[in-house]
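A look at the structure
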Amino acid sequence: MTTPDPPAPPVDLAGDLARLDVETNALVTTLKRLDGVAWAQASRCEGWTRGHVATHLARNADSLVNLVAWATTGVVTPQYVSVQARSADIEAGAGRPGPTQVDDVVDSAERFRSAAAGLHGPLASPVVELRMGPLPALEIPRRRIGEVVIHHADLVAGWDLSQAQPESVLESLTLSAQRLRALHQTDLTLRTDCGSWVIGTGEQIVEGTRAALLGWLTRGLSDGVASTDGRDLPHLPAWG
């Protein structure tokens, strides 16, 4: 019998947007503390500086506005024009001055927040397509929360995943487990305080707090994560 994932909180647009506000405000507070030199320093994302991360977050917000438009109008509007265009936009913006980066993150977040409020009514397209597959339109704000939380920690600037809202970490853990299942590359049981996620056969049990497991799944951070039988932690595929 397949073990169900821990239940995610019911979709609540107003509550999800309020939680997004909390996570976004925390991110902006961190960004405003960075000085000029810090923006060019490496993040946890391979090959990306903090400037790359901030630019990605801004362009991600705009890309999700596209998906909201698809959901509310029924007109197919891809998240990104292409993978190449996504990468080019990030590279083009990564070297901008810090204040410009902060303004871009704030302004794009406000555009997304305003657009996402329109998801409350009847939707022309209840399901839209991400680059990685279909997504219920009402879950678009939760995907944005995951982007904000994971990439906030990627800045390595005094904030870590343990400071995120517990629901935000839980949602991101569930998404990470679903991604591993789709890749068919590992057999794990991920166990934390709120339950377990079974990947493949679930043979190797790995335990940790929600935040520690999320850090391991997304960035390979092993602090606070351990296999219950003493085996080494398996190598996981890179998370973009």
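These lines cover the structure that appears in this document, whether it is placed above or below. Throughout, residues of each chain are indexed from 1 in the direction in which the sequence is written. Whole-chain, interface and lining totals are the exception, using all residues; otherwise, since this is a predicted model, local features are given only for residues with pLDDT of at least 70 and side-chain atom pairs are given and counted only at 80 or more. Calculation of side-chain values draws on the structure's entire complement of heavy atoms; hydrogens and water are dropped beforehand.

The next subject is the pairing of strand 2 (residues 133–136). The side chains of a regular strand alternate, residue by residue, between the two faces of the sheet. Pairing between strands is defined by DSSP: at least two bridges between the two strands are required. Working definition: helices are DSSP H or I runs of at least four residues, strands are E runs of at least two. Numbering for both runs from the N terminus. Strand direction decides the pairing type here: strand 1 (residues 127–130) and strand 2, joined by 4 bridges, are antiparallel. In the strand pairing of strand 2, leucine 130 is matched with glycine 133. Count of turn residues in the strand 1/strand 2 antiparallel hairpin: 2 residues.

Quick look at the pattern of salt bridges now. Think of it this way: side chains of opposite charge can pair up when their charged atoms draw near. Any Lys or Arg side-chain nitrogen located within 4 Å of an Asp or Glu carboxyl oxygen qualifies as a salt bridge. Applying the stated criterion to the full structure yields 15 salt bridges. Residues arginine 142 and glutamate 171 are paired through a salt bridge, measuring 3.3 Å at the closest nitrogen-oxygen approach. Here the residue arginine 142 occupies a position in helix 5 (residues 140–154), and glutamate 171 occupies one in helix 6 (residues 166–183), the gap between them amounting to 29 residues. In this structure, arginine 142 and glutamate 171 share a single accessibility class: buried. Its salt-bridge partner being arginine 219, residue aspartate 154 comes within 2.7 Å of it at the nearest N-O pair. You can see aspartate 154 sitting in helix 5 and its partner arginine 219 sitting in helix 7 (residues 210–219), a full 65 residues away along the chain. The cut-offs for exposure are 20% and 50% of the maximum accessible area for each residue type, with area from a 1.4 Å probe on protein chains only; residues under the lower value are buried, those over the upper are exposed, and the others partly exposed.

The subject of this paragraph is the sheet that holds strand 6 (residues 226–227). Judged by pairing direction, the sheet is mixed, and its 4 strands sit side by side in the order 4-3-5-6 without closing on themselves. Edge positions in the sheet fall to strand 4 (195–199) and strand 6, since each has one partner strand and no second. Where strand 3 (residues 188–192) meets strand 4, 5 bridges bridge the pair, whose relative direction is antiparallel. Residue pairing across strands places leucine 188 opposite isoleucine 199, the latter belonging to strand 4. With respect to the sheet, helix 6 is in contact with strand 3 and strand 4, its orientation differing from that of strand 4 by roughly 20°. Strands in contact with helix 7 are strand 3 and strand 5 (204–207); relative to strand 3, the strand with the most contacts, it is inclined by about 145°. What makes two residues a contact is simply this: any of their non-hydrogen atoms within 4.5 Å. Axis angles are defined between N-to-C directions and span 0 to 180 degrees, where every axis is a line fitted to C-alpha atoms and, for a helix, only to the segment in contact.

Right, let's talk about unusual backbone geometry for a bit. Not every positive phi belongs to a glycine, and valine 156 is a case in point at roughly 50°. By relative accessible area, valine 156 is classed as partly exposed at 39%.

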